[in-house]
Amino acid sequence: MLRRVDASPFAAAFASILMPVLAAVAALFLGAGPLYAQSAPADEASPAQEALPAAVTLYLPNISVESAALCRLGVNGDIQGVETSALRLGWYVDYGATLDAVKPRGVHYMPMVRLVQTNNGPKPYRYSIFSNHAPTTEQQLLDVIAVNPGAEWFIGNEPDRRLLQDDIEPEVYAIAYHDLYALIKAQDPTAKIIAGSIVQATNIRLEYLDRVLAAYRSRYGAPMPVDIWALHNFILNEASCDYFNEYECWGAGIPPGIDAKEGLRVKISENDSFELFKQQILRFRQWLANNGYGGVPVYLSEYGVLMPNIFAPPDDFPTDRVNRFMTRTFDYVLNEAIDPKLGDPHDGYRLIQRLSWYSVKDEGYNGYLFEKVNGGLALSPMGRNFADYASTLSKQANFYPVRVVAQPLPVPTGGITTTATLRAVIANSGNNSGAQSAIVRFYNGDPTKGGVQIGADQTVSLAGCGANMQASVVWQDAPLGTHTIYVTVEPLPAGADSDARNNKLSLSFFVGSEWLFLPGIQS
């Protein structure tokens, strides 16, 4: 995402027509630094509540705040002092790693480590926990890791953006990612590390990531370990200002380290192109599959409509146009973007596990969800559209076994039984932000046809969006022969699953009295 400091160039640009407007747009995308509104004051007590007699008792429904949060919905920006409950957020990112981040129940804070290329000293970069890239000590980072156990950490923000954001060459990004991955995991083995966060999944930006992967493998002799990939999905022009004038080189530019004249060329009016939006998601998922990351979770960690409503029709971007794009992309990501070849098998093969809309309150760009009203902040028309959409979504859990593995021990000489460990990966492709429990059972044979349960009930507790874990039992007296093992998952409370058709999975395996050892052949 591209940010500016001073909105004043726009005022002059609006006074004229096309060329001054283009100059303003060029200035918009050559600026830097976030622009945020002030926080709203605390709510005052309701006069109606103060008037209640002391003898009156009100019985209100027991509503869990956590139950309202949906893990798939997120926003970009600081939510301090903003009432976001109507949006039903499950997560947010504020472009830094804040020590005292706001953490409403059910809303996950995802910290970000920012990067700066230095090309001096023992390593060619430095990192920062601040969105403005201010110098950071290692202890400051360690402190944030300590107060965010199990967090999902973004490494860099738009490292492929020259001059703005993190502006770091792919070979240097590979080094920074390696070092920060090791540092964070050493302090918190339960943490997950997120790579990527490129501006948009165009060919030239996937070339940037190709070079990241190649540099990592060349330097460290192994593929780059990634728990989660992230991408932004803007529709922006890609043209080098070394070859084009300021009216033509607006947009995302050319990634650092890549010497090219141009990449994707689009018009301003295409900033909300749904077809390009969809193509870039599919292109990114295919790139992941081609590079050994097929099925890895993907977060659409920033997108929206950046262009202001200042142009002559049909190039203007009024609120209703922004809202149509928001609704259409929500429909696609949440309901349509499913592919059994490219999607995450732990999340119903969805292409995108979480989305995040830009922005909370950056009125320097379009799409802001909150606007300044009477000295405070209130939902903008776009925020109301977000909230209205979220209100239509029901909380869902969808537990299912993804795969089953049986590991029998050798049968003792002369024996007729052995001990086998049975393991199953259980996933939840629902949309609940808070964890929900389910009972896992293993059976010898189909439980609907007389199959016998093996071991005791196992309990798993999982949030949605593809969260998964392993359940296992030990089968003490597994007899010789072929067995078909079934695994079933039953959510708690019973009947809470949105799709019970996939709650059962089977595996056939053979327990023999002899073992055959074959030589290992490596191609």
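Here's what I pulled together on the structure shown here.

Definitions and limits used
Residues numbered from 1 in each chain as written. Predicted model: local features only at pLDDT ≥ 70, side-chain atom pairs only at ≥ 80, totals over all residues. Heavy atoms only, no water. Phe/Tyr/Trp six-rings, centres within 6.5 Å; stacked < 30°, edge-to-face > 60°. Helix = DSSP H or I, 4+ residues; strand = E, 2+ residues; numbered from the N terminus. Buried < 20%, exposed > 50% of the residue type's maximum accessible area, 1.4 Å probe, protein only. Lys NZ or Arg CZ within 6 Å of the ring centre and 35° of its normal. 1 Å grid on protein atoms, 1.4 Å probe; cavity = no way out; pocket = protein on both sides within 12 Å on 5 of 7 lines; lining within 4 Å. Points joined across faces, edges and corners; volume = space filled by probe spheres on them. Nonpolar A, V, L, I, M, F, W, Y, C, P; charged D, E, K, R; others polar. Salt bridge = Lys/Arg side-chain N within 4 Å of Asp/Glu carboxyl O. Pairing = 2+ DSSP bridges. Axes fitted to C-alpha atoms, helices over the stretch in contact; angles between N-to-C directions.

**What to know about the packing of aromatic side chains**
Logical step 1: Taken as a whole and assessed by the stated rule, the structure comprises 22 aromatic pairs.
Logical step 2: Centroid distance Trp-91 to Phe-154: 6.4 Å. Interplanar angle 15 degrees. Geometry classified as stacked. Taken together, the positions of Trp-91 in strand E2 (residues 91-93) and Phe-154 in strand E6 (residues 152-155) put the pair 63 residues apart, joining distant regions of the chain. We note that Trp-91, like Phe-154, is buried.
Logical step 3: Judged by centre distance (6.3 Å) and plane angle (25 degrees), the rings of Phe-274 and Phe-277 are stacked. Taken together, the positions of Phe-274 and Phe-277, both in helix H8 (residues 274-290) and three residues apart, correspond to about one turn of that helix. Per residue, the accessibility class of Phe-274 equals that of Phe-277, and both read buried.
Logical step 4: Arg-321 extends its terminal NZ or CZ atom over the ring of Phe-317, reaching a point 4.0 Å from the ring centre.

**Describing the layout of surface pockets**
Logical step 1: There is about 750 Å³ of room inside the largest pocket.
Logical step 2: Lining the largest pocket we find 31 residues, and of these Gly-150, Glu-152, Lys-192, Arg-354 and Ala-467 sit closest to its centre.
Logical step 3: Elements with a minimum of two residues in the lining of the largest pocket: strand E3 (108-109), strand E16 (452-462) and strand E17 (467-479).
Logical step 4: Here the lining of the largest pocket is composed, by residue class, of 15 nonpolar, ten polar and six charged.

**Points about the pattern of salt bridges**
Pairing is possible between side chains of opposite charge, provided their charged atoms come close.
Logical step 1: If you walk through the whole model with that rule in mind, you get 16 salt bridges.
Logical step 2: Two residues, Asp-166 and Arg-114, come together in a salt bridge whose shortest N-O distance is 3.0 Å. A residue pair is termed long-range when its members are at least 10 positions apart, and Asp-166 in the loop between E6 and helix H6 (170-187) and Arg-114 in strand E4 (residues 112-117) qualify at 52 residues.
Logical step 3: By relative accessible area, Asp-166 is classed as buried at 2%.
Logical step 4: A salt bridge links Asp-446 to Lys-504, with the nearest nitrogen and oxygen atoms 3.4 Å apart. Of the two residues, Asp-446 is situated in the loop between strand E15 (436-444) and E16 and Lys-504 in strand E19 (residues 504-511); the sequence distance between them amounts to 58 residues.

**Points about the sheet that holds E17**
Logical step 1: The strand order across the open sheet formed by three strands is E13-E14-E17, and the pairing between neighbours is antiparallel. Every other strand in the sheet has two partners, leaving strand E13 (399-408) and E17 as the edge strands with one partner each. Between one strand axis and the next, the sheet turns through 20 degrees on average, direction left out of account.
Logical step 2: Here nine bridges tie E13 to strand E14 (residues 417-428), and the two strands are oriented antiparallel to one another. Looking across to E14, one finds that Pro-408 is bridged to Ala-420.

**Notes on the environment of Glu-207**
Logical step 1: Among the secondary structure elements, Glu-207 is positioned in helix H7 (residues 203-220).
Logical step 2: With 51 residues separating them along the chain, Glu-207 and Ile-258 place their C-alpha atoms 8.5 Å apart.

**Brief notes about the sheet that holds E16**
Logical step 1: Reading across the sheet, the four strands line up as E16-E15-E18-E19 and stay open at both edges, with antiparallel pairing between neighbours. With one partner strand each, in any of the chains shown, E16 and E19 form the two edges of the open sheet. For this sheet, the mean angle separating the axes of adjacent strands, direction not counted, is 20 degrees.
Logical step 2: As paired strands, strand E18 (residues 481-491) and E19 are joined by eight bridges and run antiparallel to one another.

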